[in-house]
Amino acid sequence: MRVLVVDDSKTMRNIVKGVLGTIGATAVEEASDGQDALSRVDAFNPDLILLDWNMPVMDGITFVKSYRGAKKTTPIIMVTTEAEKTRVIEAIQAGVNNYAVKPFTPESLSKIIETTMAKVAAKKAA
């Protein structure tokens, strides 16, 4: 599985990469904000995008709207401290497939990734 990790925190990207290593990610690309992610995503062609909401230059929700606006269907999991119900709804309406709230445990993030990828696979098979 190829995963694009988008977060302005290098520490958080490293934590997420550690979790991805335990679930068999074959390649991980990092981006420090939404604009950086947009410039890398097509060449990298990820199977999954893990995306922070609050970042400089371009935030996560703007990235989602831009990416989905280009008819891209790669699964996106918003990984953020934004836990308010209105924010979760906004992200889902913009096109994220799932939502993980920081701080998370490696087990909870792994479960969210597995659940999301299983739903996407089931949808493709239907």
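Before reading on, note that the structure itself is shown above.
Owing to the predicted nature of the structure, the values given are computational and were not obtained by experimental measurement.

Caption draft 1: Structural view of the overall build of the protein. Helices and strands together make up the secondary structure of the protein, namely five helices and five strands. Beginning at the N terminus, the succession of helices and strands in the protein can be written as β-α-β-α-β-α-β-α-β-α. In terms of C-alpha radius of gyration, the protein reaches 13 Å, essentially the compact-globule figure of 14 Å for 126 residues. When burial is assessed residue by residue, the protein has 45% of its 126 residues classed as buried. A sequence separation of at least 24 residues applies to 61% of the contacts in the protein between residues at least 6 apart. On the protein, roughly 6400 Å² of surface is accessible, and the fraction owed to carbon and sulfur atoms is 54%. Taking the average place of the 16 positive charges on the side chains of the protein and the average place of its 15 negative ones, the gap between the two points comes to 6 Å.

Caption draft 2: Molecular detail of the packing of helix 2 (residues 34-44) against helix 3 (residues 60-69). Between helix 2 and helix 3, the least distance of the axes is 9 Å, while the angle of their chain directions is 30°. The angle between helix 2 and helix 3 places the two elements in the roughly parallel class. With respect to the hand of their crossing, helix 2 and helix 3 are arranged in right-handed fashion. Note on element contacts: helix 3 touches helix 2 through F63, S66 and Y67, opposite G34, A37, L38 and V41.

Caption draft 3: Structural view of the pattern of salt bridges. Within this structure, the stated rule accounts for ten salt bridges. Close ionic contact of E30 with R13 constitutes a salt bridge, the shortest N to O distance being 2.6 Å. A residue pair is termed long-range when its members are at least 10 positions apart, and E30 in strand 2 (residues 27-31) and R13 in helix 1 (residues 10-22) qualify at 17 residues. Just as E30 is buried, R13 falls in that class too. Of the charged contacts, one joins K102 and D52 as a salt bridge, the two residues approaching to 3.3 Å between their closest N and O atoms. Linking K102 in the loop between strand 5 (98-101) and helix 5 (106-125) with D52 in the loop between strand 3 (48-51) and helix 3, this pair joins segments that are 50 residues apart in sequence. Look at K102 and you get buried, because its relative accessible area is 13%. By relative accessible area, which is 5% here, D52 ends up buried.

Caption draft 4: Representation of empty space enclosed by the protein. Following the criterion strictly, the structure yields one cavity of 30 Å³ or more and no others. Put simply, the largest cavity is a space of about 50 Å³. V5, V6, D7, M12, R13, V16, L50, L51, D52, V79 and K102 are the residues that line the largest cavity. Among the elements of the structure, strand 1 (2-6), helix 1 and strand 3 are those that each provide at least two residues to the lining of the largest cavity. Per element, the largest residue contribution to the lining of the largest cavity is three residues, and it comes from helix 1.

Rules and cut-offs
Residues numbered from 1 in each chain as written. Predicted model: local features only at pLDDT ≥ 70, side-chain atom pairs only at ≥ 80, totals over all residues. Heavy atoms only, no water. Helix = DSSP H or I, 4+ residues; strand = E, 2+ residues; numbered from the N terminus. Rg over C-alpha atoms; globule rule 2.2 N^0.38 Å. Buried < 20%, exposed > 50% of the residue type's maximum accessible area, 1.4 Å probe, protein only. Contact = heavy atoms within 4.5 Å. Areas by Shrake-Rupley, 256 points an atom, 1.4 Å probe, with all protein chains shown as cover. Lys, Arg positive; Asp, Glu negative; His and termini not counted. Charge placed at Lys NZ, Arg CZ, Asp CG, Glu CD. Axes fitted to C-alpha atoms, helices over the stretch in contact; angles between N-to-C directions. Parallel < 35°, antiparallel > 145°, perpendicular 65-115°, else oblique. Left-handed = near helix turned anticlockwise from the far one by under 90°. Salt bridge = Lys/Arg side-chain N within 4 Å of Asp/Glu carboxyl O. 1 Å grid on protein atoms, 1.4 Å probe; cavity = no way out; pocket = protein on both sides within 12 Å on 5 of 7 lines; lining within 4 Å. Points joined across faces, edges and corners; volume = space filled by probe spheres on them.

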